[in-house]
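What follows is each chain in one-letter form.
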Amino acid sequence: MARFGALFCAIVAAATSASAAAVPAKPLITFFTGTDFSGQNFTFLGTVATGCIPLSPPFVKNVSSVEIAAGVGCTLWNETRCGLALGNSVSLPSGGTPNLTVQDFNDQAVAFQCLSS
Ligand SMILES: *[C@@H]1O[C@H](CO)[C@@H](O)[C@H](O)[C@H]1NC(C)=O
Ligand SMILES: *[C@@H]1O[C@H](CO)[C@@H](O)[C@H](O)[C@H]1NC(C)=O
Ligand SMILES: *[C@@H]1O[C@H](CO)[C@@H](O)[C@H](O)[C@H]1NC(C)=O
Ligand SMILES: *[C@@H]1O[C@H](CO)[C@@H](O)[C@H](O)[C@H]1NC(C)=O
């Protein structure tokens, strides 16, 4: 995981430097503490594949809806190792998921990973 975090930082650093060759980070997923894209939100900027990214407070076990960019799919996990530890997950397609209770994952997510779809 530290490896993925370091890679992400390197990508962000490259994208924000003068380097024109770097793949620019773009919005991949927005998390909302409320249903129907309400409450506090956080948009993760990055490139796919993201690797396993832990959520930060107040989003830890506090996400009720998400919006995912076109061409991207994301899996939410209820443990920080995205499948390397015993846990539950839900895989979501691009577009809006307004009510994670429907997926039985309301206030469950602690980490996520996004891939191109
Ligand atoms: C996210 O929250 C900010 C600050 O409250 C708000 O201005 C923005 O419209 C929200 N974004 C979305 C997609 O709802
Ligand atoms: C969930 O998010 C809301 C809105 O930011 C915040 O008021 C609340 O304290 C958070 N709850 C937890 C358990 O983090
Ligand atoms: C994840 O969810 C499963 C199924 O509800 C549960 O058994 C497990 O304890 C949860 N893991 C964590 C780390 O909360
Ligand atoms: C979310 O889905 C659950 C389960 O279907 C439902 O009981 C609840 O009313 C929904 N909440 C909203 C805000 O639509």
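Below: a short report on this structure.

1. Examining the sheet that holds strand E2 (residues 41-46)
Logical step 1: The four strands are arranged E2-E1-E4-E7 in an open sheet whose pairing can be described as antiparallel. Of all the strands in the sheet, the pair left with one neighbour each is E2 and strand E7 (95-97). Averaged over all adjacent pairs, the angle separating strand axes in this sheet is 15°, with direction ignored.
Logical step 2: With four bridges joining them, strand E1 (residues 26-32) and strand E4 (residues 65-68) adopt antiparallel strand pairing. In the strand pairing of E4, Phe31 is matched with Val66.

2. Remarks on the site of ligand 2
Logical step 1: Every residue lining ligand 2 is accounted for by Thr33, Gly39, Gln40, Pro57, Pro58 and Asn62.
Logical step 2: Looking at side-chain class alone, the shell around ligand 2 contains two nonpolar, four polar and no charged residues.

3. Points about the nonpolar core
Logical step 1: One finds Ile29, Cys74 and Phe112 to be the most contacted residues of the largest nonpolar core, which totals 23 residues.
Logical step 2: Going through the elements one at a time, E1, E4, strand E5 (72-77) and strand E8 (111-116) are the ones with two or more residues in this core.
Logical step 3: When residues no more than four places from it in sequence are discounted, the contact partners of Ile29 are Phe44, Val66, Ile68, Ala69, Cys74, Phe112 and Cys114.

4. What about the environment of Leu45?
Logical step 1: Position of Leu45 relative to the elements: it lies in strand E2.
Logical step 2: Since 14 C-beta atoms lie within 10 Å of it, Leu45 is described here as partly exposed.
Logical step 3: Beyond its immediate sequence surroundings of up to four residues, Leu45 is in contact with Ala25, Lys26 and Pro27.

5. Remarks on the sheet that holds E5
Logical step 1: If you walk across this open sheet you meet the four strands as E3-E8-E5-E6, and the pairing is antiparallel. Two strands close off the open sheet at either side, each with one partner strand: strand E3 (53-54) and strand E6 (89-92).
Logical step 2: Note that E3 and E8 share two bridges and pair antiparallel. For Pro54, the partnering residue across the bridge sits in E8 and is Ala111.

6. Section: the site of ligand 4
Logical step 1: In the vicinity of ligand 4, the contacting residues are Thr35, Asn99, Thr101 and Val102.
Logical step 2: Here the shell around ligand 4 is built from residues that sort into one nonpolar, three polar and no charged.

7. Some thoughts on the environment of Leu92
Logical step 1: Structurally, Leu92 is set in strand E6.
Logical step 2: When the C-alpha positions of Leu92 and Cys114 are compared, they lie 9.4 Å apart, and in sequence the two are 22 residues distant.
Logical step 3: Leave out the neighbours within four places in its chain, and Leu92 touches Val66, Ile68, Gly73, Cys74, Leu76 and Thr97.

8. Things to note about the pairing of E4
Logical step 1: Of the strand pairs in this sheet, E4 and E7 are connected by three bridges, and their pairing is antiparallel. Bridging across to E7, Val66 finds its partner in Thr97.

Basis of the calculations
Residues numbered from 1 in each chain as written. Chains lettered and ligands numbered in written order. Predicted model: local features only at pLDDT ≥ 70, side-chain atom pairs only at ≥ 80, totals over all residues. Pairing = 2+ DSSP bridges. Helix = DSSP H or I, 4+ residues; strand = E, 2+ residues; numbered from the N terminus. Axes fitted to C-alpha atoms, helices over the stretch in contact; angles between N-to-C directions. Near = placed C-beta within 6 Å. Nonpolar A, V, L, I, M, F, W, Y, C, P; charged D, E, K, R; others polar. Core = buried A, V, L, I, M, F, W, Y, C linked by C-beta atoms within 7 Å. Buried ≥ 20, exposed ≤ 12 C-beta atoms within 10 Å, placed from the backbone. Contact = placed C-beta atoms within 7 Å.

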